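The lines below spell out each chain.
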Amino acid sequence: MKRAGRLSFALAPVLITAAVWLAAPGHAPADGKGGTTSAARSRAAEGAGAERAADDRAVAALPAGLAAPDKKELAQKILASAENSTLNWREAYGYIEDIGDGRGYTAGVVGFCTGTHDLLALVERYTKAHPGNGLARYLPALREVDGTDSHEGLDPGFVAAWRHEAGVAAFRAAQDSERDRVYFGPAVRLAKLDGLGTLGQFVYYDAMVLHGPGTGGDGFYVLRERAVREAAPPSEGGDEKTYLGAFLDVRRAAMRSADPDRDTTRIDTAQRAFLDEGNLGLDTPLRWKVYGETYHVP
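The rules behind these values
- Residues numbered from 1 in each chain as written.
- Predicted model: local features only at pLDDT ≥ 70, side-chain atom pairs only at ≥ 80, totals over all residues.
- Heavy atoms only, no water.
- Helix = DSSP H or I, 4+ residues; strand = E, 2+ residues; numbered from the N terminus.
- Buried < 20%, exposed > 50% of the residue type's maximum accessible area, 1.4 Å probe, protein only.
- Contact = heavy atoms within 4.5 Å.
- Phe/Tyr/Trp six-rings, centres within 6.5 Å; stacked < 30°, edge-to-face > 60°.
- pLDDT = per-residue confidence, 0-100.
- Axes fitted to C-alpha atoms, helices over the stretch in contact; angles between N-to-C directions.
- Parallel < 35°, antiparallel > 145°, perpendicular 65-115°, else oblique.
- Left-handed = near helix turned anticlockwise from the far one by under 90°.
- Nonpolar A, V, L, I, M, F, W, Y, C, P; charged D, E, K, R; others polar.
- 1 Å grid on protein atoms, 1.4 Å probe; cavity = no way out; pocket = protein on both sides within 12 Å on 5 of 7 lines; lining within 4 Å.
- Points joined across faces, edges and corners; volume = space filled by probe spheres on them.
- Core = buried A, V, L, I, M, F, W, Y, C linked by side-chain atoms within 4.5 Å.
- Pairing = 2+ DSSP bridges.

Caption draft 1: Expanded view of the overall build of the chain. Each helix and strand counted, the chain has 11 helices and 5 strands in total. Split into buried and exposed, the 298 residues of the chain put 48% on the buried side. Across the chain, every contact between residues at least 6 apart in sequence was considered, and the portion connecting residues at least 24 apart equals 61%.

Quick look at the structure:
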């Protein structure tokens, strides 16, 4: 099984800040036209900025965890076992196919999709830095098909263009950068703020990739809120193993809700196995199974 269908929206992590609260009807001072005063908006922005700065300092003071080079490499291998049935995650730069999940073409190291905006965002950012690349001419078509499973304007040349561009070092670097910006960085940051160790950080990262960083449906942030209602994270005094178990339960239920026959071994015989072993540091050696195949990292 090459790749499980997923939903991914290339959105920045959404935090409910004072700025949002003040902008809501009935909560903000009026400026005479029913809107929020510029002073109130400014104060809200300053408060949100100060809160984020405090969080940044807290995260910076913590151990590297999954962001350590050897752990990050390990994370890509475990992810690739579920996404591409291999430990050689670098093989996926040139991967592209329509897997029939309603999201158009799925491509690259974390399965950027033409129907879920993240592939478009990747090509736009890459083209801004490298005008005239082999994918730039498909930008109008990518904008048209965004949010759909359509190939209109992409066939017949887009697949070949993607594979060719994947041979360019700058495009491989762009995929890594977008992966980190949209998925890896936000997942690890929030996991650390939730008091989670290296395994928990990977669990968040895998969920971010599989479910997408959305705040609707079964997006990552919705699943996290469901888990928090079931068990407190360590940052709120909860037990780490209990909380991660609840989070994995929520993820598995979401996957099966979308498709009762969905293979959930990336949780059942991989992440759950690490958790049951008490391997909260995601220490090697590791052995796990996905889709019936056994993987080992010494």
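Caption draft 2: Region of the structure containing the packing of aromatic side chains. All told, the structure shown has 15 aromatic pairs when counted by the stated rule. On the basis of an interplanar angle of 75° and a centroid distance of 5.3 Å, the ring pair of tyrosine 138 and phenylalanine 158 is categorised as edge-to-face. Of the two residues, tyrosine 138 sits in the loop between helix 4 (118-129) and helix 5 (139-145) while phenylalanine 158 sits in helix 6 (residues 158-165), which places them 20 residues apart along the sequence. Residues tyrosine 138 and phenylalanine 158 agree in their burial class; the two are buried. Geometrically, the ring pair formed by phenylalanine 274 and tryptophan 288 is edge-to-face, given 6.0 Å between the ring centres and 75° between the ring planes. Here the residue phenylalanine 274 occupies a position in helix 11 (residues 265-276), and tryptophan 288 occupies one in strand 4 (residues 286-290), the gap between them amounting to 14 residues.

Caption draft 3: Local environment of the confidence of the model for the chain. Per-residue confidence for the chain gives a mean pLDDT of 88, with 88% of residues at or over 70. Low pLDDT, under 50, characterises residues 1-35; the predicted model gives this stretch 83 contacts beyond four residues in sequence or across chains.

Caption draft 4: Looking closely at the side chain of aspartate 194. Residue position: aspartate 194 is located in the loop between helix 7 (169-193) and helix 8 (198-211). Judged by its relative accessible area of 4%, aspartate 194 falls in the buried class. Those residues in contact with aspartate 194 that lie beyond four places of it in its chain are Tyr204, Arg224, Pro233, Pro234, Ser235 and Tyr243.

Caption draft 5: The packing of helix 4 against helix 6, seen in detail. At a minimum axis distance of 14 Å, the contact between helix 4 and helix 6 shows a crossing angle of 55°. Comparing their axes, helix 6 and helix 4 come out oblique. Pair helix 4 / helix 6 crosses with left-handed handedness. Where helix 4 approaches helix 6, its residues Leu119, Leu122, Val123 and Tyr126 are matched on the opposing element by Phe158, Trp162 and Glu165. Of the residues in the contact of helix 4 with helix 6, the class split is 6 nonpolar, no polar and 1 charged.

Caption draft 6: Fine view of empty space enclosed by the protein. The final tally for this structure, using the stated rule, is 2 cavities of 30 Å³ or more. In this structure, the largest cavity occupies an estimated 50 Å³ of space. In terms of lining, the largest cavity is formed by Gln76, Leu79, Ala80, Asn84, Trp89, Ala92 and Val109. When the residues that make up the lining of the largest cavity are grouped by side-chain class, the tally is 5 nonpolar, 2 polar and no charged. If you go around the second largest cavity, the residues you meet are Ile78, Leu79, Ser81, Ala82, Phe202, Asp206, Arg266, Ala270, Gln271, Trp288 and Val290. Those elements giving two or more residues to the lining of the second largest cavity turn out to be helix 3 (69-83), helix 8, helix 11 and strand 4. Among the elements that make up the lining of the second largest cavity, the one with the highest residue count is helix 3 (4 residues). Split by residue class, the lining of the second largest cavity holds 7 nonpolar, 2 polar and 2 charged.

Caption draft 7: Layout of the nonpolar core. Formed by 75 residues in total, the largest nonpolar core has its most connected members in Leu142, Phe158, Trp162, Tyr204, Tyr205, Leu282 and Trp288. Every residue in contact with tryptophan 162, bar those within four places of it in the chain, is listed here: Tyr93, Gly94, Tyr95, Ile96, Ala107, Gly108, Leu119, Leu122, Val123, Leu135, Phe171 and Gln175.

Caption draft 8: Seen up close, the sheet that holds strand 3 (residues 112-113). With antiparallel pairing, 3 strands are arranged side by side in an open sheet as 1-2-3. Strands at the two margins of the open sheet, each flanked by one partner only, are strand 1 (96-97) and strand 3. Taken together, the 2 bridges between strand 1 and strand 2 (residues 106-107) define a ladder with antiparallel strand orientation. Each residue of the ladder has a partner; that of isoleucine 96, found in strand 2, is alanine 107.

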